[in-house]
Amino acid sequence: MRFTLPVLILVLLLAGCSAPKMHFGAPPDYPALDPKRPFDHLLLDEVLAGVVDPIDGRVDYELLEDVYLADIDAYLAAAGDAPADRWSVGDQKTFWINVHNAAVLRLIMNEWPMRDLAATGTMFHGDLLDSRLWLAGQWRSPRDIEALVLRRFGDPRAFFAMSCGTMDSPVLRNEAYHVETIDIRLNLAADEFLHRPDAIRLEHNRNGGTAVLSSYFQQHREAFAAKGQSLLEGLARYRPDLLPFKDYAIEFRASDGTIRATDLPPAAND
């Protein structure tokens, strides 16, 4: 019995430090949610077209807050009670990729100005992307969505489309994904990321070589390489020219959690 009070205090402490939650309420003037109809992503299209640079994917978070806040909140509010489990596989996949990216935008904007995602980490609930939003009838974080997408669809290409908002994650596009073109767009996203100079660099020598890879592959290794596969062998599924180098040693670049934004706040030592 003497441990009851300390245990209770610890439980209360951990509960108070649980990941933050955001709920957006009922969506005003948003199309009715019908389990027989695909989710409408046109509002997210408008937000992304307005704030994301079409060349380098940098986001204008000040513009997002000043002009598009009501739109992204309405989109996420509609996603809150969306009957996603009752849609086709293609509609579900499209929904979760888009909602992941919208949630990341909203969470970063909520803490703006900020420079580095790593700086938001805490002892009890990880970093900003472990914060939960009310989505499809449950509290889910962007990382919960990543795990759900891998488990439910088994399509690693989705990880080339889900941006974490940082320099070493996939670039956010200035338009939403739509089910009619989802496979084409995912192939393009995979091809783009796998050919980025900072994603994969092969260093050859007489004993074989080394593949220097983005830390993004390390963070999502389970998605890209099946059991018994080397990581390069798994990535060769989407970039076949990597297959001859599947046995190369692998090194990972240091993670770059810098926010991909149009106007970053200065670094602490600037």
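Residues numbered from 1 in each chain as written. Predicted model: local features only at pLDDT ≥ 70, side-chain atom pairs only at ≥ 80, totals over all residues. Heavy atoms only, no water.

Student: Honestly, the pattern of salt bridges in this entry has me stumped. Any pointers?
Tutor: Close approach of charged atoms lets side chains of opposite charge pair. Tallied over the full model, the rule gives 14 salt bridges. Ionic pairing is found between Glu203 and Arg201, a salt bridge with its closest N-O pair at 2.5 Å. Counted as one network, the salt bridges with shared partners bring together Lys93, Asp155, Arg157 and Asp183. (Salt bridge = Lys/Arg side-chain N within 4 Å of Asp/Glu carboxyl O.)

Student: Honestly, the environment of Lys246 in this entry has me stumped. Any pointers?
Tutor: Structurally, the position occupied by Lys246 is in the loop between α10 (231-235) and β6 (249-252). For Lys246, a relative accessible area of 28% puts it in the partly exposed group. Separated by 36 residues in the primary sequence, Lys246 and Thr210 have C-alpha atoms spaced 10.0 Å apart. What Lys246 contacts, discounting residues up to four positions off in sequence, is Ser230, Leu232 and Glu233. (Helix = DSSP H or I, 4+ residues; strand = E, 2+ residues; numbered from the N terminus. Buried < 20%, exposed > 50% of the residue type's maximum accessible area, 1.4 Å probe, protein only. Contact = heavy atoms within 4.5 Å.)

Student: Please explain helix α2 (residues 42-51) as it appears in this structure.
Tutor: Note on helix geometry: an α-helix contains 3.6 residues per turn, so any two residues three or four positions apart are oriented the same way. Taken together, the buried positions of α2 are Leu43, Leu44, Asp45, Val47, Leu48 and Val51. Each element contacted by the buried residues of α2 is listed here: α3 (61-67), α4 (69-80) and α5 (89-110).

Student: What is the right way to read unusual backbone geometry from this model?
Tutor: The bulk of non-glycine residues show a negative phi, and the bulk of peptide bonds are trans. Note that the residue after Trp112, namely Pro113, is joined by a cis bond; omega there is 5 degrees. Position of Pro113 relative to the elements: it lies in the loop between α5 and β2 (132-135). A positive phi is found at Ala136, a non-glycine position, where the angle reads about 50 degrees. With respect to the helices and strands, Ala136 occurs in the loop between β2 and β3 (138-140). Using a relative accessible area of 16% as the deciding quantity, one classes Ala136 as buried.

Student: Mind showing me how you'd approach the pairing of strand β5 (residues 208-213) here?
Tutor: Along any regular strand, the residues point their side chains to alternate faces of the sheet. With 5 of 6 residues buried, β5 lies mostly within the body of the structure. One ladder, built from 6 bridges, connects strand β4 (residues 200-205) with β5; its direction is antiparallel. Paired with Arg201 across the bridge in β5 is Val212. Once β4 ends, the chain turns through 2 residues before running back antiparallel as β5. (Pairing = 2+ DSSP bridges.)

Student: Would you mind going over the sheet that holds β2 with me for this structure?
Tutor: Hydrogen bonds along the backbone pair up the strands of a sheet, which may run parallel or antiparallel. In space, the 3 strands of this open sheet follow the order β1-β2-β3, with mixed pairing throughout. The two strands at the open ends of the sheet, each matched to only one other strand, are β1 (21-22) and β3. As paired strands, β1 and β2 are joined by 2 bridges and run parallel to one another. What sits directly across from Met22, in β2, is Leu133. Each of β1, β2 and β3 is contacted by α5, which is oriented at about 140 degrees to β2, the strand it contacts most. In the packing of helix α6 (residues 142-153) onto the sheet, contacts are made with β2 and β3, and the angle to β3 comes to roughly 100 degrees. (Axes fitted to C-alpha atoms, helices over the stretch in contact; angles between N-to-C directions.)

Student: Just to check I follow, could you spell out the nonpolar core for this structure?
Tutor: Soluble globular proteins tend to bury their nonpolar side chains together. Judged by nonpolar contacts, the single largest core of 79 residues is most densely connected at Tyr61, Phe95, Trp96 and Phe217. Sort the elements by how many residues they give to this core and α5 lands first, with 11 residues. Look past the residues within four positions of Phe95 in its chain and what remains in contact with it is Phe39, His41, Ala79, Ala82, Ala84, Trp87 and Ala136. (Core = buried A, V, L, I, M, F, W, Y, C linked by side-chain atoms within 4.5 Å.)

Student: Is there a simple way to think about the sheet that holds β5 in this case?
Tutor: As summarised here, the arrangement of the 3 strands in space is β4-β5-β6, forming an open sheet in which the pairing is mixed. With partners counted over all chains shown, the strands left at the sheet margins are β4 and β6, one partner each. Each neighbouring strand pair of the sheet contributes to a mean axis angle of 20 degrees, computed without reference to strand direction.

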